[in-house]
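# A closer look at the structure
This is what each chain is made of:
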Amino acid sequence: MNLKTSIANNHFEMPFLNASGIICQTQEELDSLEATKELGGIVTKSATLQPREGNEQPRYYDLANGSINSMGLPNLGYPFYLDYVQHDHSKPTILSVAGMNADDAIELMRKVQDSDYEGLTELNLSCPNVIGHPQTAYDFEATEKILTTVCSFFKKPFGVKLPPYFDLAHFDGIAKVLNKFPLTHVNTINSVGNGLVVDVDKEQVVTKAKGGFGGLGGAMVLPTALANVRALRLRLNDDIAIIGTGGVTTGVDVFAHILCGADMVSVGTQVIKEGLGVYARLQKELEEIMADKGYESLDDFRGKVKEL
Ligand SMILES: CC(C)(C)CCc1c(C(=O)O)[nH]c(=O)[nH]c1=O
């Protein structure tokens, strides 16, 4: 059974990643990812120019069918992560970066360009835009502007992390912009923005920041995640790989993401629920499904979901 995959010329023994933000903020957490042999690569928490405490607790809440979070980008600052990814690792790394505004995002990419890091970088486009405007990735002009500036100096392999889209015109719009740039990959989806969970017993919301509004993850977002993987696979240039993120709780979900076109699959909420042992279970379940169907490698079924 061959579960190998690749993004640009980065080769992964396993198709599984951690979703950025999940057990990837500190040295200890990153070391635990390194020690998880079923994990194909290590994704860092999105790094910002300055270290950040993040939002006040409670900022993560677990649900039967998923999670809600408004972490507020807690991280040790980009120097820590840029140093971490330049050390030797047993598997490829993806350095995630997020600007609190466009200038910060560009400055972060300059820091990476000026470093000796040669691995993959991922620009989180769910970062805030100017007040009164939606997040960057929902503003196609802002997205094009940032990527044009970044690509004028950034010559290393990089991709972008996208929020979910819910309108076919938006799939068309973002793909049209992204196809203009030499991206290694697109990571879709980020959490489903501004959900609200209410504790009826206490008659109150469950997370503190933003009046309880937060990003949704876990099982409840799987159909949205699959739609975004499929829609972008159908629209993006073939040389842009796709990391499928969102709603993965079983090997069946991993298979579905790959069937819709994902080259790799990242897991967030389920890692919090189950621990890093989840990856061994996902590998076993994926291999069982592939064996049942007679598939030897991911290429045998990637992107081959049938329409009726
Ligand atoms: C939402 C932002 C704080 C702008 C970016 C960081 C982030 C967070 C976070 O740190 O709150 N949570 C997510 O589910 N996705 C993200 O991309």
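Residues numbered from 1 in each chain as written. Predicted model: local features only at pLDDT ≥ 70, side-chain atom pairs only at ≥ 80, totals over all residues. Heavy atoms only, no water.

## Points about helix α9 (residues 278-293)
Quick reminder of the rule: The secondary structure listing takes helices from DSSP runs of H or I that are at least 4 residues long and strands from runs of E that are at least 2 residues long, numbered from the N terminus. Each residue after the first adds 1.5 Å to the expected span of a helix. Note on classification: 1.4 Å probe, protein chains only; a residue is buried when its accessible area is under 20% of the maximum for its type, exposed when over 50%, partly exposed between these limits.
Taking 1.5 Å of rise per residue, the 16 residues of α9 would be expected to cover 22 Å, and the 23 Å separating its terminal C-alpha atoms lies within 8% of that figure. Along α9, the positions that sit buried rather than exposed are Val278, Tyr279, Leu282, Gln283, Glu285, Leu286, Ile289 and Met290. Positive phi shows up at Gly294, right after α9, with a value of about 80 degrees.

## Description of the packing of aromatic side chains
Our working rule: Pairing of aromatic side chains requires ring centres within 6.5 Å, counting the rings of Phe and Tyr and the six-membered ring of Trp. Pairs whose planes differ by under 30 degrees are stacked, by over 60 edge-to-face, and all others tilted.
Under the definition given, this model contains eight aromatic pairs. Note on Phe154 and Phe158: the rings are 5.3 Å apart at their centroids and 80 degrees apart in plane angle, and the pair reads as edge-to-face. Neither residue differs from the other here; Phe154 and Phe158 are each classed as buried. Where Tyr295 meets Phe301, the ring centres are 5.2 Å apart and the plane angle is 25 degrees; that geometry is what we call stacked. Note on Tyr295: relative accessible area 26%, which makes it partly exposed. Every member of this aromatic cluster is reached through a ring pair, and the members are Tyr138, Phe140 and Tyr165.

## Re the sheet that holds strand β4 (residues 42-43)
The line we're drawing: Strands are labelled as partners when DSSP assigns at least two bridges between them. Pairs of residues are marked as contacts when any of their non-hydrogen atoms sit within 4.5 Å. The convention used is that axes are lines fitted to C-alpha atoms, helices contributing only their stretch in contact, and that angles between N-to-C directions extend from 0 to 180 degrees.
On the basis of which strands lie adjacent, the open sheet formed by eight strands has the order β3-β16-β15-β10-β9-β8-β7-β4 and parallel pairing. Edge positions in the sheet fall to β3 (16-18) and β4, since each of these pairs with one other strand and no more. Against the sheet, helix α6 (residues 222-235) engages β9 (158-162), β10 (185-188) and β15 (241-245), with an angle of about 170 degrees to β15.

Scope: geometric values only; no functional claims are made or implied.
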